[in-house]
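# Working through the structure, step by step
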Amino acid sequence: MSSSDIFIGETIGTAILILLGGGVCAAVTLKASKARNAGWLAIAFGWGFAVLTAVYTSAPLSGAHLNPAVTLALTIKDGGWNNLPVYWGGQLLGAMIGATLVWVVYYGQFHAHLTDPEIAGAPESKATKAVEAEEKGAGPVLGIFSTGPEIRNAVQNLATEIIATVVLVLAVLTQGLNDKGNGLGPLGALITALVVVSIGLSLGGPTGYAINPARDLGPRIVHALLPLPNKGGSDWSYAWVPVVGPLIGGAIAAGLYNVAFA
């Protein structure tokens, strides 16, 4: 795989991942959306299907890492450090493109939601959870773009992201790339998607299961840049957790693989 193939594949694949994954979060969250309040099951399966679609699309070009933690783990396992920045660059750019496309698709819903008095300007006596969250640094639609903890405890939040990422990356490593180096085969893509659904249902409650630094950081940057009315803060004080945690988890998973499976 050439560097240009890797960069293009990771950009396209991660853009699709975030478009569909962020899209289901927008569908469930925003007023005037037909899927409003569809719930956590819809989000978990939506992200799983997003992974499936993105992997199938990008695997022939780049091997469909789509996640800096996966790239780090595969690099520790197999070498090839020269390609690490290319993968990471494509993943971050793709995540930003995907988040921007979510905004385009739900443009009217974003405006209706963020200008609703209950969301944007409720009096103190009728303060909603969204307004309370905004006061802590997370705007009312930040959850569409990036993750945040239900209980803010840096040690627990970091541990949650590490553990969840170890599960994901071990599942990827034990399947491995196919012999031709063209990425996960059809069955592997499906298994990985189902693993993501499982992580969301079982381990996603505390932090929203970023398990992917680009998935969280790229859309968080887009949230900070987009001209959304009353969007509130991007919660940068928390932003390091879904970046550092998955990278640590990816490195641990690679170490476990080398000890137990290699």
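It should be emphasised that the depicted structure is a prediction, and the values quoted were computed from it without experimental measurement.

### What to know about helix 5 (residues 107–114)
Where helix 5 is concerned, the buried positions are F110, H113 and L114. Buried residues along helix 5 cover an arc of 85 degrees about the axis, so they all sit on one side.

### Brief notes about the packing of helix 9 (residues 154–175) against helix 12 (residues 241–260)
Helix packing for two helices is described by the angle between their axes and how far apart those axes are. In the contact formed by helix 9 and helix 12, the axes pass within 7 Å of each other and the chain directions differ by 45 degrees. Relative to helix 12, the element helix 9 is oriented oblique. With respect to the hand of their crossing, helix 9 and helix 12 are arranged in right-handed fashion. Contacts between helix 9 and helix 12 involve N157, L158, E161, I162, T165, V166, V169, L170, L173 and T174 from the first element and V241, V244, G245, P246, I248, G249, G250, I252, A253, A254, L256 and Y257 from the second. Here the residues of the contact of helix 9 with helix 12 are counted per class, giving 15 nonpolar, six polar and one charged.

### Quick look at the pattern of salt bridges
The full count for this structure, using the stated rule, is five salt bridges. A salt bridge links E118 to K31; the nearest nitrogen and oxygen atoms lie 3.2 Å apart. With E118 in helix 6 (residues 117–120) and K31 in the loop between helix 1 (3–29) and helix 2 (40–62), this residue pair connects regions lying 87 residues apart in the sequence. In this structure, R152 engages D235 in a salt bridge whose closest nitrogen and oxygen atoms are separated by 2.8 Å. Taken together, the positions of R152 in the loop between helix 8 (142–145) and helix 9 and D235 in the loop between helix 11 (213–225) and helix 12 put the pair 83 residues apart, joining distant regions of the chain. Given a relative accessible area of 44%, R152 falls into the partly exposed group.

Parameters and conventions
- Residues numbered from 1 in each chain as written.
- Predicted model: local features only at pLDDT ≥ 70, side-chain atom pairs only at ≥ 80, totals over all residues.
- Heavy atoms only, no water.
- Buried < 20%, exposed > 50% of the residue type's maximum accessible area, 1.4 Å probe, protein only.
- Helix = DSSP H or I, 4+ residues; strand = E, 2+ residues; numbered from the N terminus.
- Arc of directions from axis to C-beta.
- Axes fitted to C-alpha atoms, helices over the stretch in contact; angles between N-to-C directions.
- Parallel < 35°, antiparallel > 145°, perpendicular 65-115°, else oblique.
- Left-handed = near helix turned anticlockwise from the far one by under 90°.
- Contact = heavy atoms within 4.5 Å.
- Nonpolar A, V, L, I, M, F, W, Y, C, P; charged D, E, K, R; others polar.
- Salt bridge = Lys/Arg side-chain N within 4 Å of Asp/Glu carboxyl O.

Any functional reading would require information that these geometric values do not contain.
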